[in-house]
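# Fold and geometry: a report
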Amino acid sequence: MIEGLGKAAENLSLIMRDALGIYIEPAKKKRMAQAEMEIEEKRLFHNYDLEKIDLAERAKLRIFETGTRRQQNLEKIGAEAVSLLPETATPEKINIDWLHHFADSAKDVSEEELRKLWAQILSQEATEPGKFSKRTLDYLKNFSVYDCELFEKLLPFIFMNEENLAFFIVPKSQFSTFKEKYQIGLFETLHLKNIGLCSTAESGLSFSIAPDEPFKTLYFGKLISIYNPTNNQIIIYDAHFLSEAGNQLFSVLDVASDTNEMYFHEIMNLFTGLGLEIDIED
């Protein structure tokens, strides 16, 4: 038993050690080792007169420094993931190929905010193996702090349909006013598409509400049933569906999000303005 860790956390630690060479140390010892590593990193290039060593030696130094930094990043992410892991997790079911892909994608993540995100992903994958695809890891590999902050800003505006697909609505005619009120507008929407978190397919830009059955959606615990009392199909053209990567990232971050009641009521008014009827249950 590793000191201070529960069984699930211990299992994840051992898996990371055996598969990736990542060692999760007890907190006090880890703080000391981290301080020593940071000192050594600062000394690395100062210990050599780079003008007097050849190209091959300078390459070796660079490779060593890069490897040390990447190992430090992965061990920080691993330690954070272990601390987040519930006892019900089954890390022994993580696919080893997936774990190697995860490490390759996360090795250059040094910003604290992004490391926390990757730790949450690893922890949730250990809790629900198969939850995150390698394709999602590939999208997030180049994620910046700005991208993360923008996506977090979007969370209070997201609905879920019956197929568990996340979407948000920004009326095209109100892009400028939405930007003023919610800090989400045309530029932000296009950026989310460009980084692969929003669908770029035509089918990801609208949904229809038929006369014969209600369209049901969730908004942070509220079940909304939208009825079409007309004889014609009504199409909502201003919806933006998240991509596979966006949906998987939303499942990580939505627990920490608050609702935006002004936005919610504005969208409900948009629906009623189209002649739709709405029933809301908590």
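In this report, the structure presented in the accompanying data block is examined. (Residues numbered from 1 in each chain as written. Predicted model: local features only at pLDDT ≥ 70, side-chain atom pairs only at ≥ 80, totals over all residues. Heavy atoms only, no water.)

## Things to note about the pairing of strand β2 (residues 166–169)
Residues Ala166 and Phe168 of β2 are buried on one face, and the alternating residues Phe167 and Ile169, pointing to the opposite face, are buried as well. Here 2 bridges tie strand β1 (residues 159–161) to β2, and the two strands are oriented antiparallel to one another. Counted as the bridge partner of methionine 160 is alanine 166 from β2. Counted along the chain from β1 to the antiparallel partner β2, the turn is 4 residues long, and its residue asparagine 164 has a positive phi close to 60 degrees. Where β2 meets strand β7 (residues 239–241), 3 bridges bridge the pair, whose relative direction is antiparallel. Residue phenylalanine 168 lies in a different strand from β7, and its bridge partner there is histidine 240. (Buried < 20%, exposed > 50% of the residue type's maximum accessible area, 1.4 Å probe, protein only. Helix = DSSP H or I, 4+ residues; strand = E, 2+ residues; numbered from the N terminus. Pairing = 2+ DSSP bridges.)

## Brief notes about a negative patch on the surface
Taken together, the side chains of Glu162, Glu163, Asp212 and Glu213 make up a negatively charged region of the molecular surface. Relative to the assigned elements, glutamate 163 resides in the loop between β1 and β2. (Patch = residues over 30% accessible without salt bridge, like charges linked within 9 Å, V, L, I, M, F, W, Y side chains within 5 Å. Areas by Shrake-Rupley, 256 points an atom, 1.4 Å probe, with all protein chains shown as cover. Salt bridge = Lys/Arg side-chain N within 4 Å of Asp/Glu carboxyl O. Lys, Arg positive; Asp, Glu negative; His and termini not counted. Charge placed at Lys NZ, Arg CZ, Asp CG, Glu CD.)

## Observations concerning the pattern of salt bridges
Per the stated rule, a full pass over the model turns up 11 salt bridges. For aspartate 108, the salt bridge goes to arginine 69, with nearest N and O atoms at 3.4 Å. Remark: arginine 69 occurs in helix α3 (residues 55–84) and aspartate 108 occurs in the loop between α4 (96–106) and α5 (112–127); sequence separation between them is 39 residues. Overall, the relative accessible area of 37% leaves aspartate 108 in the partly exposed class. Classification of arginine 69 by relative accessible area gives partly exposed; the value is 28%. Among the ionic contacts, a cluster of salt bridges with common partners joins Arg69, Arg70 and Asp108.

## Describing the sheet that holds β7
What the 6 strands build is an open sheet, ordered β7-β2-β1-β4-β5-β8; its pairing is antiparallel. The open sheet terminates on both sides in strands that have one partner only, identified here as β7 and β8 (277–281). Neighbour-to-neighbour, the strand axes of the sheet open up by a mean angle of 30 degrees, direction not taken into account. Both strand β5 (residues 222–227) and β8 contribute to a ladder of 5 bridges, which runs antiparallel. What sits directly across from serine 225, in β8, is aspartate 279. (Axes fitted to C-alpha atoms, helices over the stretch in contact; angles between N-to-C directions.)

## Some points on the packing of aromatic side chains
Within this structure, the stated rule accounts for 18 aromatic pairs. With a centroid separation of 6.2 Å and 80 degrees between ring planes, the pair formed by phenylalanine 178 and tyrosine 263 is classed as edge-to-face. Remark: tyrosine 263 occurs in helix α11 (residues 261–273) and phenylalanine 178 occurs in helix α8 (residues 175–182); sequence separation between them is 85 residues. Each of the two residues, phenylalanine 178 as well as tyrosine 263, counts as buried. Seen in terms of ring centroids, phenylalanine 207 and phenylalanine 215 are 4.4 Å apart; in terms of plane orientation they differ by 10 degrees. Their pairing is stacked. Residues phenylalanine 207 and phenylalanine 215 agree in their burial class; the two are buried. Connected via pairs of aromatic rings, a cluster forms that spans Phe157, Phe159, Phe167, Phe178, Tyr182, Phe207, Phe215, Tyr219, Phe220, Phe241, Tyr263 and Phe264. (Phe/Tyr/Trp six-rings, centres within 6.5 Å; stacked < 30°, edge-to-face > 60°.)

As far as function goes, none of this settles anything; it's purely spatial.
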